[in-house]
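Architecture and fold: a report
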Amino acid sequence: MMATTHAAVGLLLALPLTVVAPELAPPAALAGMAGGVFPDLDLVAGVHRKTLHFPDYYWFGAFPALVGAALVPGSGIVSVAFFLLSAAVHSVSDAFGAGTEPRPWERTSAQAVYLHSRNRWLSPRYWVRYDGAPEDYLLTVCLLSPGLFVFGPTVRRVAFAFLVVGGAYTLVRKRLPDVEERLL
Ligand SMILES: [Zn+2]
């Protein structure tokens, strides 16, 4: 799944806070979206879907932080909790997409995301055929939409930016490997 879908999940995770603790909902939403994008920074440095992807270990940070946020609510601890929770969900959900190859629609890679505790790759499930597939963008739109109505202007602006970026990425996705090859 593409980064905008993971960011959209992060926003959705923060949605209940608009009811339970409205003053903490905006920092949770922003941290959730940031945590949703964060693991994919290993596209730039390191091994993609391995260096910053931890389908197992992020939970060990997310759960204590969530408990802490419930016991002593504050914007700092809530931000940490939702960042880690969103990064954890991102890392797990990458297993339901495609592999790490440049043209994932060809299904040549058996590596979806790295499970550090077992020292092995999880294989792709292809529920979303590849990152930037039309159904991937549909997910971005559906998961972002509630937040676009519920949150204030700052969160809405960030969410809207993801909507635009996700759409643009989906439009050019299949051409990207050719462009990359020409540039390199
Ligand atoms: Zn990822």
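The paragraphs below set out a description of the structure included in this document. Values in this document were obtained by computation on a predicted structure and should not be read as measured data.

1. Examining the overall build of the chain
- Along the chain, the regular secondary structure elements total eight helices and two strands.
- A globule of 184 residues ought to have a C-alpha radius of gyration of about 16 Å, and the chain, at 16 Å, matches this closely.
- A burial count over the chain gives 45% of its 184 residues as buried.
- A sequence separation of at least 24 residues applies to 66% of the contacts in the chain between residues at least 6 apart.

2. Comments concerning the pattern of salt bridges
- Under the criterion given, the structure shown has five salt bridges.
- In this structure, Arg49 and Asp94 form a salt bridge, with 3.6 Å as the shortest nitrogen-oxygen distance. Placement of Arg49 in the loop between helix H3 (25-37) and helix H4 (58-71) and of Asp94 in the loop between helix H5 (75-93) and strand E1 (113-115) is noted, with a sequence separation of 45 residues between them. Across the pair, Asp94 and Arg49 agree in class, each one buried.
- Residues Arg103 and Glu181 are paired through a salt bridge, measuring 3.1 Å at the closest nitrogen-oxygen approach. In this pair, Arg103 is assigned in the loop between H5 and E1 and Glu181 in helix H8 (residues 176-183), connecting sequence segments 78 residues apart.
- One network of salt bridges, in which partners are shared, links Arg103, Asp178 and Glu181.

3. With respect to H5
- A rise of 1.5 Å per residue sets the reference length of H5, with its 19 residues, at 27 Å; its end C-alpha atoms lie 26 Å apart and thus fit the reference within 8%.
- Looking at H5, one finds that the buried residues are Val78, Ala81, Phe82, Leu84, Leu85, Ser86, Ala87, Ala88, His90, Ser91 and Ser93.

4. Comments concerning the packing of helix H1 (residues 3-14) against H5
- For the pair H1 and H5, the least separation of the axes is 9 Å and the interaxial angle reads 135°. When the axes of H1 and H5 are compared, the pair comes out oblique. H5 is crossed by H1, and the crossing has right-handed handedness. Listed contacts from H5 to His6, Val9, Gly10, Leu13 and Ala14 of H1 are Phe82, Leu85, Ser86, Val89, His90 and Ser93.
- When grouped by side-chain class, the residues that make up the contact of H1 with H5 number six nonpolar, five polar and no charged.

5. Digging into the nonpolar core
- Core analysis: the biggest nonpolar cluster contains 31 residues, and Leu11, Leu17, Val78, Phe82, Leu144 and Phe151 have the highest contact counts within it.
- Mapped by element, the contributors of at least two residues to this core are H1, H3, H4, H5, helix H6 (134-150) and helix H7 (153-172).
- Tallying contributions element by element places H5 first for this core, with seven residues.
- Residue contacts for Leu17: discarding those within four places in its chain leaves Pro22, Leu24, Ala25, Ala28, Val78 and Phe82.

6. With respect to the coordination of the zinc ion
- Around the zinc ion, the protein supplies Asp40 (OD), His53 (NE2), His90 (NE2) and Asp94 (OD) as donor atoms, at distances of 2.0 to 2.3 Å.
- Coordination at the zinc ion comes from four donor atoms whose angles at the metal span 89 to 166°, giving a geometry best classed as irregular.

7. What about the environment of Gln111?
- As for its position among the elements, Gln111 is in the loop between H5 and E1.
- Taking the relative accessible area as the measure of exposure, Gln111 reaches 32% and is therefore partly exposed.
- The sequence separation of Gln111 and Glu101 amounts to 10 residues, and the corresponding C-alpha distance is 8.3 Å.
- With residues near it in sequence (within four places) discarded, Gln111 still touches Arg49, Ala98, Gly99, Thr100, Trp121, Leu122 and Pro124.

8. Thoughts on the packing of aromatic side chains
- In the structure shown here, the tally under the stated rule is eight aromatic pairs.
- Both rings, one in Tyr114 and one in Trp121, keep their centres 5.3 Å apart while their planes meet at 75°; by these two values the pair is edge-to-face.
- Residue class for Trp121 comes out partly exposed when judged on its relative accessible area of 21%.
- Lying over the aromatic face of Tyr114, Lys50 brings its terminal NZ or CZ to 4.3 Å of the ring centre.
- Over the ring of Tyr126 we find Arg107; its NZ or CZ atom is 3.9 Å from the centre of that ring.

Calculation criteria
Residues numbered from 1 in each chain as written. Predicted model: local features only at pLDDT ≥ 70, side-chain atom pairs only at ≥ 80, totals over all residues. Heavy atoms only, no water. Helix = DSSP H or I, 4+ residues; strand = E, 2+ residues; numbered from the N terminus. Rg over C-alpha atoms; globule rule 2.2 N^0.38 Å. Buried < 20%, exposed > 50% of the residue type's maximum accessible area, 1.4 Å probe, protein only. Contact = heavy atoms within 4.5 Å. Salt bridge = Lys/Arg side-chain N within 4 Å of Asp/Glu carboxyl O. Expected span 1.5 Å × (residues − 1). Axes fitted to C-alpha atoms, helices over the stretch in contact; angles between N-to-C directions. Parallel < 35°, antiparallel > 145°, perpendicular 65-115°, else oblique. Left-handed = near helix turned anticlockwise from the far one by under 90°. Nonpolar A, V, L, I, M, F, W, Y, C, P; charged D, E, K, R; others polar. Core = buried A, V, L, I, M, F, W, Y, C linked by side-chain atoms within 4.5 Å. Donors = N, O, S within 2.8 Å, 3.2 Å for Na, K, Ca; no water. Tetrahedral: all angles 85-135°; square planar, octahedral: opposite > 155°, others 65-115°. Phe/Tyr/Trp six-rings, centres within 6.5 Å; stacked < 30°, edge-to-face > 60°. Lys NZ or Arg CZ within 6 Å of the ring centre and 35° of its normal.

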